[in-house]
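These are the residues of each chain, in order.
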Amino acid sequence: MNLSEKSIENVEYMIDEIKQKLKVLNLGAIKPSHFDGEMYEELKEIYELVMKKDSFSPNEMQALVEELGNLRANK
């Protein structure tokens, strides 16, 4: 998958992968529709960070979820 291109499909892919990796319990809390193209690069940076690590402390998980919340469109 070429994540260098901004697309709805890429946003959906990255969000799904982040949710799986972080084992987000409330899957409805993070939806691809919450993100717009303006925040694509920031979302991609979070995705790359999450994919590099094997595990996360509770504090890291909280920080990542908060950052995703900050990126949400139409907050």
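Residues numbered from 1 in each chain as written. Predicted model: local features only at pLDDT ≥ 70, side-chain atom pairs only at ≥ 80, totals over all residues. Heavy atoms only, no water.

*Asks:* Would you take a moment to explain the packing of helix α2 (residues 40–52) against helix α3 (residues 58–71) for this structure?
*Replies:* When two helices pack together, their arrangement is given by the angle between the helix axes and by the axis-to-axis distance. Interaxial distance between α2 and α3 falls to 10 Å at its minimum, and their mutual angle equals 165 degrees. Classed by the angle they form, the pair α2 and α3 counts as roughly antiparallel. In this structure, α2 crosses over α3, and the sense of that crossing is left-handed. Across the interface between the two elements, Glu 42, Leu 43, Ile 46, Leu 49 and Val 50 from α2 touch Leu 64, Glu 67, Leu 68 and Leu 71 from α3. (Axes fitted to C-alpha atoms, helices over the stretch in contact; angles between N-to-C directions. Helix = DSSP H or I, 4+ residues; strand = E, 2+ residues; numbered from the N terminus. Parallel < 35°, antiparallel > 145°, perpendicular 65-115°, else oblique. Left-handed = near helix turned anticlockwise from the far one by under 90°. Contact = heavy atoms within 4.5 Å.)

*Asks:* Looking at this structure, I do not really get the environment of Tyr 47. What am I missing?
*Replies:* With respect to the helices and strands, Tyr 47 occurs in helix α2. Separated by 30 residues in sequence, Tyr 47 and Glu 17 have C-alpha atoms that sit 7.8 Å apart. Ignoring any residue separated from it by four or fewer positions in sequence, one finds Tyr 47 in contact with Leu 3, Tyr 13, Met 14, Glu 17 and Ile 18.

*Asks:* I keep staring at the packing of aromatic side chains and nothing clicks. Help me out?
*Replies:* Aromatic ring pairs are described here by two measures, namely the spacing of the ring centres and the angle between the planes. Under the criterion given, the structure shown has 1 aromatic pair. For the ring pair Tyr 13 and Tyr 47, a centre distance of 6.0 Å and an interplane angle of 55 degrees mean the geometry is tilted. You can see Tyr 13 sitting in helix α1 (residues 8–22) and its partner Tyr 47 sitting in helix α2, a full 34 residues away along the chain. Judged by relative accessible area, Tyr 47 falls into the buried class, the value being 11%. (Phe/Tyr/Trp six-rings, centres within 6.5 Å; stacked < 30°, edge-to-face > 60°. Buried < 20%, exposed > 50% of the residue type's maximum accessible area, 1.4 Å probe, protein only.)

*Asks:* Could you clarify how one ought to interpret α2 in this entry?
*Replies:* Along an α-helix, a turn takes 3.6 residues, which lines up residues three or four apart on a common side. Taking 1.5 Å of rise per residue, the 13 residues of α2 would be expected to cover 18 Å, and the 18 Å separating its terminal C-alpha atoms lies within 8% of that figure. The inward-facing, buried residues of α2 abut α1 and α3. (Expected span 1.5 Å × (residues − 1).)

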